[in-house]
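Architecture and fold: a report
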Amino acid sequence: MNSYHVTLTRQGRAVTSASDEIVLARLREIVGDEHVLIDPEKVEPYAQDAVKEKFPPEAVVLPRDADEIAAILRLANERRFPVTARGGGVGYTGGAVPVDGGIVIGTDRMNRIKEIHADDLYVITEPGVTTYALQQAVEAHNLFYPPDPSSYKNSFIGGNIAENAGGIRSAKYGVTKHYVLGLEVVTPTGEIARVGGLTSKNVVGFDLTGLICGSEGMLGIITEATLRLLPLPEATATVRATFRTMTEACACVPRFNRARVTPVAIEVLDRNAIRAVESEFAFGFGEDAGALLLVAVDGHADEVERASRVVEEVVKDGGGFDVLRSGNREEEEKLWDVRRALSPAIKKFGTMKFNEDVVVPRSRVPELIEQVVEIGKRHETFVVNFGHAGDGNIHVNFMCDRDDPDAMRRARAAVRDTFAVSVNLGGTISGEHGIGYVKAPYLDMALGASTIDMMRRIKQALDPNGILNPGKMFV
Ligand SMILES: Cc1cc2nc3c(=O)[nH]c(=O)nc-3n(C[C@H](O)[C@H](O)[C@H](O)COP(=O)(O)OP(=O)(O)OC[C@H]3O[C@@H](n4cnc5c(N)ncnc54)[C@H](O)[C@@H]3O)c2cc1C
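What you see is a predicted model; the values in this text were computed from it and never measured.

Rules of the game
- Residues numbered from 1 in each chain as written.
- Predicted model: local features only at pLDDT ≥ 70, side-chain atom pairs only at ≥ 80, totals over all residues.
- Heavy atoms only, no water.
- Axes fitted to C-alpha atoms, helices over the stretch in contact; angles between N-to-C directions.
- Helix = DSSP H or I, 4+ residues; strand = E, 2+ residues; numbered from the N terminus.
- Parallel < 35°, antiparallel > 145°, perpendicular 65-115°, else oblique.
- Left-handed = near helix turned anticlockwise from the far one by under 90°.
- Contact = heavy atoms within 4.5 Å.
- Nonpolar A, V, L, I, M, F, W, Y, C, P; charged D, E, K, R; others polar.
- Expected span 1.5 Å × (residues − 1).
- Buried < 20%, exposed > 50% of the residue type's maximum accessible area, 1.4 Å probe, protein only.
- Polar contact = N/O pair within 3.5 Å; in protein donor to acceptor, adjacent residues only side chain to side chain.
- Pairing = 2+ DSSP bridges.

Following both chains from N to C, one finds helix 14 (residues 365-378) and helix 15 (residues 405-424) inclined at 155°, their axes separated by 10 Å at the closest point. With respect to their mutual orientation, helix 14 and helix 15 come out roughly antiparallel. The two elements helix 14 and helix 15 cross, and the hand of that crossing is right-handed. Contact residues: L368, Q371, V372, I375 and R378 in helix 14; A414, D417, T418, V421 and S422 in helix 15. Grouping the amino acids of the contact of helix 14 with helix 15 by side-chain chemistry returns 5 nonpolar, 3 polar and 2 charged.

Written out as structure tokens, the structure is:
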């Protein structure tokens, strides 16, 4: 037995080292010696997510199936140590990190796509498949899985479901929960349950599939997912336009629908975002570019041609200038370069990025941006805004220096003010990144006491010993 000393803790209470040895021995029995990691360098990659704050797990366990996960959770309830599930580890709210100690269950080995049913339009997959791998696999059958978080090359399907991930295609296709037909879930107390099924119509019992979607690994560990598919659209095209103001750019959004076009994506960049990419990559945007829209359409080739021309007319009528419309896939890719350039471009504005993902009714986006720019000025913090104008979900990025405590304090104050503004405008504090531990202190800005109480009671009923992912959502 490895003599490395670990202390499996539960909310600050240490389990005796004799128990540790017993726990480790039992974990090794369940998953095999080589799938229990305790060496610091092997555990290290599981210590953080995209928030980049480190909480090293006391052990990482890499099970192969639902039976092994159920056995681990039963052991955790018997010995009372915390368990945190992890997908690709690219969450933005610390959901996958063990803030309260204990073990991390990595789903890396559960990476098989089990069945693709073209006629019935569904795929059955394990949770450790990346979003990208799933998309590629179904596209080979001319099928389409629309949810597309920008982290798609690294995020896992299990993490997408647990966070109810969105993406740029949400404007037309919605978010992950709209594609989850059924799940196999291991409950926090170690039972294996099946919720939902294979069909898109299914109203038998409570909607437990809906409950698990977005539950951030706190109500069960997803071990299999049945996901709804669509026929793969034949073609796509994109129109890019700059505007003098955000108000002008955002006013186009409802006009696309009035012209009977539903764009697959409507992305917007504000003035600071344009300046950032311009200074780093010299796209050629002038000083008069105060906002930028990227609008994509998809469907049958003839329809895409028609719809992209309608989009072009709408943006021109709406005050858009330097309007470009893609004629083929290569040109389309080039138009999206500006969006891809954003993340690297804004790095120079600070070592710390408070990347918030607030959401408001889409007609209120210009007001949101206006007020966020004021908040940035008030707290002397540089802010870059961009995101999904089609569904009102805006990425507000307050930039500062991680080693400057005063700048960090000002940025945090700016974040709180931004949440207040979003709620006041009829929106909420997160459109896609979730709560985790990072946004837990702000939950009561978005939800009333009785709603939070209902959530606590569901958690308590399913996880009476508080084993699964403690320290998240509720403070
Ligand atoms: C560059 C970048 C771009 C991003 N873009 C987007 C975007 O466009 N849209 C968007 O929505 N998000 C985006 N995100 C956030 C993030 O990628 C998503 O939240 C994603 O769904 C996380 O998946 P993951 O596999 O990395 O989950 P992890 O970070 O590993 O885990 C996230 C949560 O899911 C739980 N979990 C993981 N697997 C399971 C399981 N099998 N069963 C139960 N619970 C589980 C964890 O406990 C944790 O609470 C982005 C992140 C980055 C870094």
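Past the structure itself, the notes keep going.
Moving on, we come to helix 15. Its 20 residues give helix 15 an end-to-end C-alpha distance of 29 Å, which sits within 8% of 28 Å, the value for a rise of 1.5 Å per residue. All of the buried residues along helix 15 are A407, M408, R410, A411, A414, V415, T418, F419, V421 and S422. Here the buried face of helix 15 lies against strand 18 (352-359), helix 14, strand 20 (393-400) and helix 16 (443-446). The backbone nitrogen of D406 lies 3.1 Å from a side-chain oxygen of the residue at the head of helix 15, namely D404. Where helix 15 ends, the next residue or the one after it, G426, has phi of about 90°, a positive value.

Tracing the sequence through the fold places T187 in the loop between strand 10 (180-186) and strand 11 (192-196). Here T187 falls in the buried class, since its relative accessible area comes to 15%. Not counting residues within four places of it along the chain, the set of residues in contact with T187 comprises L73, A193, L219 and G220.

Moving on, we come to the sheet that holds strand 6 (residues 103-106). Pairing between the strands of a sheet comes from backbone hydrogen bonds, and it takes one of two forms, parallel or antiparallel. In space, the 4 strands of this open sheet follow the order 3-4-6-5, with mixed pairing throughout. Since the sheet does not close on itself, it has two edges, and those belong to strand 3 (36-37) and strand 5 (83-86), each with one partner.

Moving on: the pairing of strand 16 (residues 291-299). In terms of residue burial, strand 16 counts as a mostly covered element, since 9 of its 9 residues are buried. Both faces of strand 16 are covered, namely the face carrying A291, L293, V295, V297 and G299 and the face carrying L292, L294, A296 and D298. By the bridge criterion, 9 bridges tie strand 14 (residues 235-243) to strand 16 in an arrangement that is antiparallel. Pairing of T238 across the sheet is with A296, part of strand 16. Summarising the sheet, strand 15 (residues 265-270) and strand 16 pair through 6 bridges and their orientation is antiparallel. Within strand 16, the residue paired with D270 across the bridge is A291.

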